[in-house]
Amino acid sequence: MPILLQSLQSARGPDAGQRPSAGTPADGDGELRDGELTLLIGPVGAGKSSLLRTLAGVVPPVSGQVYYDGQPLWRGRRAAPTLLLRVGLVFQSPEQQLFARTVQGEFHYSLRPYHLPPDLIAARTAAALAGTGLNTRILSQSPWYLSGGQRRRLAVATTLATATDWLFLDEPTAGLDALALPQLLQTLQQLRNERREQGRGGLVVATHDLDALLPIADRVWLWANGRLRWTGTPAQLVEQEALCQAYGVGPTEVQATRRALLAAGVDLPGELWQAEGLAAAVAASLQFPANQLPTLDADRPWDAAAALECPASDALPPALAAEGTRLAEPSPLDARARWLCCSLLTLGVLAQTHPLGVLFGVLLAAGMCLRARTPVSAWRRVTLPYTWMTAFSTLFAGLYWQPATGLSWHGLGFAIPAALTTLQALLRLYAVVLLGLWLTSGSSYLALQQGLAHTLRHLERWRVPVAPLALGAGLVLRFIPCIGQELERFSQIARARGKSRARAGALRASDLPVVMIPLLAALFQLAEDLALALEARGLRQWPAAPPADPEARWHSAEWRAVAGAVLALACLLALREVLPVC
Amino acid sequence: MAAAENPAPVLSLQGVRLTYAHTPEQAVLQGVDLVVYAGEWVAVVGANGSGKSTLGRVAAGLLPVSAGRVQSPPPPGVQLVLQNPDAQGIGQTPLEDVCFGLTQLGVPPAAARQRALATLQAAGLADVANTPLERLSGGQRQLLATTAALAMHPRLIVLDEPTAMLDAAAAARLRAMVAAQQAHGVAVVWMTQRLAELAYASRVVALVAGQKVFDGTPRQFFYADPPALAGYTTSHPNPAQSAGGTPPALSPRPSLQPLSFCRQLGWTPPLPVQVAEALHSRGLCCGDKPLTAQELGECVARLRLAQSRQAAGGLDATLET
């Protein structure tokens with residue numbers, strides 16, 4: 001079952017067009033052959049992981065199509081269900097994906113879509129555990145009590161147990177030490193050989209560790225900017241030094257060694273790239289010295305690194321200083337002014353009691369977001385779930401049932417005033433949410449944090465811990481986008497493991513624990529990492545309030561904004577008085 | 001080396017033991033001695049769980065130890081760079097990220113901005129100074145984390161597997177930046193799993209199960225001769241440190257060719273060293289123990305030169321007779 005790629009683009013590269021074009025044809029067409037281990041290489045951000053997810057039916061391609069045996073995998077945003085059962089994907093850092101109460105539970109979850117008889121499940125589980133060097137005694141244990149390395153093996157084992165034709169692995173060497181590496185290489189070769197014997201399926205391994213994996217690969221794909229750029233055998237890749245350098249994946253150790261030996265006058269056939277062969281070639285060249293001896297600058301000290309001068313002093317060259325002022329353009333509105341405006345308007349919106357007043361508040365906040373050019377994605381992220389919640393709550397609040405008429409549809413009614421009250425309360429909150437969106441979208445959370453600390457610094461006289469409060473507020477703002485990213489990652493893992501037939505991006509209710517447990521663990525980990533990063537940056541004690549920035553004077557823009565906010569507050573308060581209480 | 005001019009060590013660990021409260025029976029670090037001088041680049045290698053990361057955190061002063069003495073520079077003087085570039089960005093743009101640390105030091109914002117820009121310029125990140133972090137590549141973000149640490153003008157920088165998530169080009173850029181700082185006298189402690197990176201170090205320290213089992217030059221690590229377990233000696237007046245004793249599990253196997261320390265640990269050395277080993281087993285020895293491809297090339301060229309001289313000498317001798 002070979003895989004064919006037709007004009008496939010896996011990701012929109014963030015650096016599209018920055019790398020030099022290598023003049024390769026490809027245009028996204030490619031073939032993954034049965035019985036082969038294909039290495040997927042490319043610069044960071046090339047879309048290698050996206051390609052694996054596209055091949056595994058988790059994320060639809062940006063454009064193009066994937067064919068298994070001539071059958072298209074993708075129909076719109078849905079993957080063909082029969083093909084999903086024939087592919088397995090091991091994500092990066094797989095140890096984070098475990099969620100079940102027992103090791104056995106992990107296997108049950110991964111094997112459920114295959115509807116196997118119990119004895120076959122047991123056999124597959126035992127074989128997969130043995131294949132990854134784990135003992136069947138751990139089956140009743142909780143995965144949480146295994147060591148990091150065991151958790152990783154277990155996660156890989158759950159995928160191996162599905163015995164799919166195709167196996168895709170994302171960066172399997174990341175975080176492995178030099179001792180565990182040979183075991184991994186052996187396992188990969190064994191998996192490839194099994195598929196070769198069966199005559200169907202193969203392995204695709206995305207990696208940046210070329211030196212380790214090249215020796216066991218059958219074929220190499222160079223992937224960049226979301227597209228296939230070059231394909232060939234490992235021996236051919238070794239000769240493509242310029243190409244590797246152009247795409248930031250080289251020179252590899254093999255290439256550098258070969259180049260040095262060639263420069264020393266050793267006659268090297270193209271296919272030679274392992275230590276024994278290279279040494280033999282050197283020995284041969286010594287027995288039959290070439291006519292031409294290389295020039296040797298013997299005592300040249302080896303330069304550890306290209307000198308990348310970093311001025312140690314604070315002084316800035318004049319040209320850079322001038323440029324610096326241009327680069328360091330301050331945010332459009334001072335953070336203190338933002339906080340002030342936001343607080344004033346929040347006060348005004350919360351004071352509204354009449355629907356028209358609330359509506360005015362929503363329109364005002366929306367207008368501010370529009371003017372600040374808040375990105376559409378941020379709008380959607382906030383608005384979409386909120387709209388659903390509002391609609392549901394409003395409908396629910398309006399429903400009533402009069403038991404006097406007995407259990408019948410006639411007793412059910414809808415009270416518009418009750419629904420409106422709920423709608424109004426939720427809309428008022430929506431206006432506040434939009435104001436928060438405006439507050440965070442225009443300037444960075446760090447500026448907001450410093451603005452807050454600066455505004456509140458007089459409170460320190462009364463022993464109010466202003467700086468920690470402001471830092472906490474800033475970090476919470478920093479943390480919020482991470483939650484969305486991690487949620488996306490674990491829903492993809494759940495889709496891949498559960499062979500979900502739902503539209504890409506949707507999540508089944510039954511997958512919620514599969515997502516939520518690793519998500520929470522990952523968020524705790526993230527918080528811990530962030531705390532460590534803060535500590536590592538020298539933040540050991542509670543920070544002192546940052547010194548006032550003499551350059552951060554308020555310009556007319558800030559005064560106008562605050563004046564506008566005061567005016568709007570006055571309008572809102574007046575509106576409250578004018579409109580009759582509802 | 002700068003160490004000779006300044007004999008006071010930047011970092012000094014003596015008999016450091018560390019046990020976590022939930023596993024009191026198992027020490028993560030078991031009496032580790034480590035002295036690092038200004039301008040030194042010490043690479044720390046060890047398997048997962050050998051205590052490498054813990055050692056880094058102890059050296060950075062982030063973990064209190066159970067026993068032993070730790071002398072490291074006070075807070076801004078030591079900086080720690082972690083493996084995951086995603087978890088280290090504190091600011092929203094590179095400029096803000098570098099400024100964050102500086103303002104925490106009490107540098108006035110305007111001066112901090114200038115200093116941050118100069119450091120970003122030197123790191124080649126000036127073009128993206130105001131680009132949101134999520135639009136940078138992983139390599140750029142890791143470069144930024146290191147830049148932000150270096151902008152604090154530390155005397156010691158500890159990097160915990162900084163290149164683990166980077167491609168070859170980004171890893172080379174990062175090493176070049178750290179090497180430039182090392183040339184200015186900054187002491188570097190570099191944890192790694194990539195043995196090819198040891199070539200950049202002035203010293204290699206190997207950890208096994210929380211014990212220091214090797215402390216010597218990269219050449220002593222990759223080549224068997226002189227005896228790998230010999231104590232590490234320096235020209236410093238106070239060579240208080242020595243190899244942490246022979247670990248029981250690592251007695252050298254009897255073999256015709258003495259195994260290098262790297263091989264004794266069961267690790268595969270980088271390709272140039274492998275080629276040199278293969279040459280040596282064929283009786284071809286170039287004497288100067290190459291670590292990198294370039295050194296291997298020079299070594300082979302020297303071998304060829306010597307052989308042709310020998311051939312020419314032989315010819316001269318025949319002519320004379």
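Residues numbered from 1 in each chain as written. Chains lettered and ligands numbered in written order. Predicted model: local features only at pLDDT ≥ 70, side-chain atom pairs only at ≥ 80, totals over all residues. Heavy atoms only, no water.

Please provide a residue-by-residue account of the sheet that holds strand β2 (residues 27-36) of chain B, values included.
Residues and elements named next belong to chain B. Here we have three strands laid out as an open sheet, ordered β2-β1-β4, and antiparallel in their pairing. Each edge of the sheet is formed by a strand with only one pairing partner; in this case those strands are β2 and β4 (67-71). Along the sheet, successive strands turn relative to each other by an average axial angle of 15 degrees, direction set aside. One ladder, built from four bridges, connects strand β1 (residues 11-19) with β4; its direction is antiparallel. (Pairing = 2+ DSSP bridges. Helix = DSSP H or I, 4+ residues; strand = E, 2+ residues; numbered from the N terminus. Axes fitted to C-alpha atoms, helices over the stretch in contact; angles between N-to-C directions.)

Requested: an account of the packing of helix α13 (residues 335-350) of chain A against helix α20 (residues 556-578) of chain A, with residues and values cited.
Residues and elements named next belong to chain A. The contact between α13 and α20 brings their axes to 9 Å, and the two run at 5 degrees. As summarised for this structure, α13 and α20 are arranged roughly parallel, according to the angle between their axes. For the pair formed by α13 and α20, the contact residues are Ala-337, Leu-340, Cys-341, Leu-344, Leu-345, Leu-347, Gly-348 and Val-349 on the first element and Glu-558, Ala-561, Val-562, Ala-565, Val-566, Ala-568, Leu-569 and Leu-572 on the second. In terms of residue class, the contact of α13 with α20 is built from 14 nonpolar, one polar and one charged. (Parallel < 35°, antiparallel > 145°, perpendicular 65-115°, else oblique. Contact = heavy atoms within 4.5 Å. Nonpolar A, V, L, I, M, F, W, Y, C, P; charged D, E, K, R; others polar.)

A description of the nonpolar core should follow, citing residues and the corresponding values.
Grouped together as the largest cluster of nonpolar side chains are 128 residues, with contacts concentrated most on Leu-39 and Phe-107 of chain A together with Phe-221 and Phe-222 of chain B. Other than its neighbours up to four places away in sequence, Phe-107 of chain A contacts Thr-125, Ala-128, Leu-129, Leu-139, Leu-154, Ala-157, Thr-158 and Ala-161 of chain A. Residues Tyr-109, Ala-206, Ala-494 and Val-515 of chain A belong to the second largest nonpolar core, which totals 45 residues. (Core = buried A, V, L, I, M, F, W, Y, C linked by side-chain atoms within 4.5 Å. Buried < 20%, exposed > 50% of the residue type's maximum accessible area, 1.4 Å probe, protein only.)

Please give an account of helix α6 (residues 180-198) of chain A that cites residues and values.
Residue and element names in this part refer to chain A. In a regular helix each residue adds 1.5 Å, so 19 residues correspond to 27 Å; α6 covers 28 Å between its end C-alpha atoms and thus fits that length. Lining the buried residues of α6 we find β3 (37-41), α5 (148-160), β9 (166-170), β10 (203-206) and α7 (210-213). One or two residues past the end of α6 sits Gly-199, with phi positive at roughly 80 degrees. (Expected span 1.5 Å × (residues − 1).)

Please provide a residue-by-residue account of the confidence of the model for chain B, values included.
All names here are of chain B. Per-chain confidence: chain B averages 81 in pLDDT, with 84% of residues scoring 70 or above. Confidence scores differ between elements of chain B, with helix α1 (residues 2-5) showing the lowest mean pLDDT of 48 and strand β7 (residues 187-191) the highest of 95. Segment residues 226-256: pLDDT under 50, and 36 contacts once partners within four positions in sequence are set aside and those in other chains are kept. (pLDDT = per-residue confidence, 0-100.)

Account for unusual backbone geometry, with residues named and values stated.
All names here are of chain A. Within the chain, Ser-7 stands out as a residue other than glycine whose phi angle is a positive 30 degrees. Of note, Ser-7 is situated in strand β1 (residues 3-9). Its identity as a non-glycine residue notwithstanding, Ser-93 has a phi of 45 degrees, on the positive side. Within the secondary structure, Ser-93 sits in the loop between β8 (87-90) and α3 (103-111).

Quick one: what's the story with the packing of aromatic side chains, residue by residue and with numbers?
Overall, the coordinates contain nine aromatic pairs over all chains when judged by the stated rule. Pairing Trp-41 of chain B with Trp-190 of chain B gives two aromatic rings, centres 5.0 Å apart and planes at 35 degrees, and the pair type is tilted. Taken together, the positions of Trp-41 of chain B in strand β3 (residues 41-46) and Trp-190 of chain B in strand β7 put the pair 149 residues apart, joining distant regions of the chain. Just as Trp-41 of chain B is buried, Trp-190 of chain B falls in that class too. The interplanar angle of 35 degrees and the centroid separation of 5.0 Å between the aromatic rings of Phe-214 of chain B and Phe-261 of chain B together place this pair among those described as tilted. Placement of the pair is Phe-214 of chain B in strand β9 (residues 211-216) and Phe-261 of chain B in helix α8 (residues 261-264), with a sequence separation of 47 residues. Each of the two residues, Phe-214 of chain B as well as Phe-261 of chain B, counts as buried. Every member of this aromatic cluster is reached through a ring pair, and the members are Phe-214, Phe-221, Phe-222 and Phe-261 of chain B. A cation over a ring is seen here: Arg-151 of chain A above Trp-144 of chain A, with NZ or CZ 4.9 Å from the ring centre. (Phe/Tyr/Trp six-rings, centres within 6.5 Å; stacked < 30°, edge-to-face > 60°. Lys NZ or Arg CZ within 6 Å of the ring centre and 35° of its normal.)

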